[in-house]
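Observations on the three-dimensional arrangement
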Amino acid sequence: MPLTTPILRTDRLRLRPVREDDADALYEMHSDAHVLRFWDSSPWIERERATRFIAASRSIAEDGSGARVVLERTDDGAFLGWCGLTSWNPEFRSASLGYCLHERAWGHGYATEAARALLDWGFSTLPLNRVQAEADTRNDASRRVLEKCGFTLEGTLREDCIVDGVVSDSWVFGLLRRDRDAGTAGG
């Protein structure tokens with residue numbers, strides 16, 4: 001069953017569906033080795049990857065497995081990155097949270113603001129019980145975003161990624177509906 005990708009607004013952001021005209025900004029961000037240094041894949045070297053990302057974003061909405069949104073700053077419409085609630089599994093009532101922000105957006109709280117808005121949408125739209133997120137153990141900024149959103153560190157996946165010959169570990173975080181509802185989730 002299709003899932004309508006939302007348009008959400010926060011104090012500083014507009015979150016909207018990924019569009020064809022996002023291709024240049026997506027390619028610029030995902031081809032930056034510094035931005036992707038903690039990512040689970042190499043930086044993009046072919047522009048076609050942006051086209052495939054856009055198609056995949058549309059596909060997850062059409063097949064009902066999630067929603068991926070672009071983050072725009074409301075005051076000037078600047079592209080800041082994307083955030084997604086994907087891998088929706090109705091049987092397990094679980095999904096995954098992911099995000100990637102352009103370096104110019106780092107350190108301003110945009111990732112936390114966007115993730116909270118998308119999580120609020122997800123928990124109010126879907127019968128979610130659990131959202132999982134993973135972050136490279138070298139990425140303290142992403143860890144802080146997840147903790148501010150109420151996620152609990154549940155463990156470490158040792159040597160789960162090898163990207164361009166670099167072996168890394170990932171933290172696994174979980175956010176349960178009961179913790180959110182009880183107000184015991186961090187943030």
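See the structure above.
Scope of this entry: the structure provided in the associated data block. In this text, all values refer to a predicted model and were calculated from it rather than measured experimentally.

Our next topic: the overall build of the protein chain. Counting its regular elements, the protein chain contains five helices and eight strands. Each helix and strand of the protein chain, ordered N terminal to C terminal, gives the series β-β-α-α-β-β-β-α-β-α-β-β-α. Taking 16 Å as the expected radius of gyration for a compact globule of 187 residues, we find that the protein chain reaches 16 Å, a close match to that expectation. Considered along the principal axes of its C-alpha atoms, the protein chain spans approximately 45 × 35 × 30 Å.

Next up on the list: the environment of aspartate 32. When you line up the elements, aspartate 32 lands in the loop between helix H1 (23–30) and helix H2 (48–62). Between the alpha carbons of aspartate 32 and glutamate 103 there is a distance of 9.1 Å; along the sequence they are 71 residues apart.

Turning to the packing of H1 against H2, a few remarks are in order. Two elements in contact, H1 and H2, have axes separated by 9 Å at closest approach and are oriented at 115°. With respect to H2, the axis of H1 lies roughly perpendicular. When the axes of H1 and H2 are compared, the crossing they make is right-handed. Of the residues in H2, those touching H1 at Ala23, Leu26, Tyr27 and His30 are Ala50, Phe53 and Ile54.

Following the criterion strictly, the structure yields four aromatic pairs and no others. Taking 6.0 Å as the distance between ring centres and 55° as the angle between the ring planes, the aromatic pair formed by tryptophan 44 and phenylalanine 53 counts as tilted. Judged by its relative accessible area of 10%, phenylalanine 53 falls in the buried class. A ring pair is formed by tryptophan 171 and phenylalanine 173, whose centres lie 6.3 Å apart and whose planes are at 80°; its orientation type is edge-to-face. Across the pair, phenylalanine 173 and tryptophan 171 agree in class, each one buried. An aromatic cluster is built from Trp39, Trp44, Phe53 and Trp82, whose rings are joined through pairwise contacts.

Before going further, it helps to examine the sheet that holds strand E3 (residues 67–73). What holds strands together in a sheet is hydrogen bonding between their backbones, with the strands either parallel or antiparallel. Spatially, E1-E2-E3-E4-E5-E6-E8-E7 is the arrangement adopted by the eight strands of the open sheet, whose pairing is mixed. Unpaired on one side and paired on the other, strand E1 (8–9) and strand E7 (152–163) mark the two borders of the sheet. Across five bridges, strand E2 (residues 13–17) lies against E3 in antiparallel orientation. Bridging across to E3, leucine 13 finds its partner in arginine 73. Relative to strand E4 (residues 79–89), helix H3 (residues 110–125) is tilted by about 30°, and along the sheet it contacts E1, E2, E3, E4, strand E5 (94–101), strand E6 (130–136) and strand E8 (166–176). Taken strand by strand, helix H4 (residues 140–148) contacts E5, E6 and E8, and its axis lies near 10° from that of E8.

So, about the pattern of salt bridges. Using the criterion set out here, one finds 15 salt bridges in the structure. Between arginine 130 and glutamate 154 there is a salt bridge, with the nearest N and O atoms lying 2.7 Å from each other. In this pair, arginine 130 is assigned in strand E6 and glutamate 154 in strand E7, connecting sequence segments 24 residues apart. Two residues, arginine 143 and aspartate 140, come together in a salt bridge whose shortest N-O distance is 3.4 Å. With arginine 143 and aspartate 140 both in helix H4 and three residues apart, the pair spans about one turn of that helix. Taken together, the salt bridges that share partners define one network made up of Arg14, Arg16, Asp22 and Glu72.

All right, on to the pairing of E7 then. Where E7 lies against E8, eight bridges are found, and the strand directions are antiparallel. Looking across to E8, one finds that cysteine 161 is bridged to serine 168. Between E7 and E8, which pair antiparallel in sequence order, lie two residues; one of them, aspartate 164, sits at a positive phi of approximately 50°.

Thresholds applied
- Residues numbered from 1 in each chain as written.
- Predicted model: local features only at pLDDT ≥ 70, side-chain atom pairs only at ≥ 80, totals over all residues.
- Heavy atoms only, no water.
- Helix = DSSP H or I, 4+ residues; strand = E, 2+ residues; numbered from the N terminus.
- Rg over C-alpha atoms; globule rule 2.2 N^0.38 Å.
- Axes fitted to C-alpha atoms, helices over the stretch in contact; angles between N-to-C directions.
- Parallel < 35°, antiparallel > 145°, perpendicular 65-115°, else oblique.
- Left-handed = near helix turned anticlockwise from the far one by under 90°.
- Contact = heavy atoms within 4.5 Å.
- Phe/Tyr/Trp six-rings, centres within 6.5 Å; stacked < 30°, edge-to-face > 60°.
- Buried < 20%, exposed > 50% of the residue type's maximum accessible area, 1.4 Å probe, protein only.
- Pairing = 2+ DSSP bridges.
- Salt bridge = Lys/Arg side-chain N within 4 Å of Asp/Glu carboxyl O.

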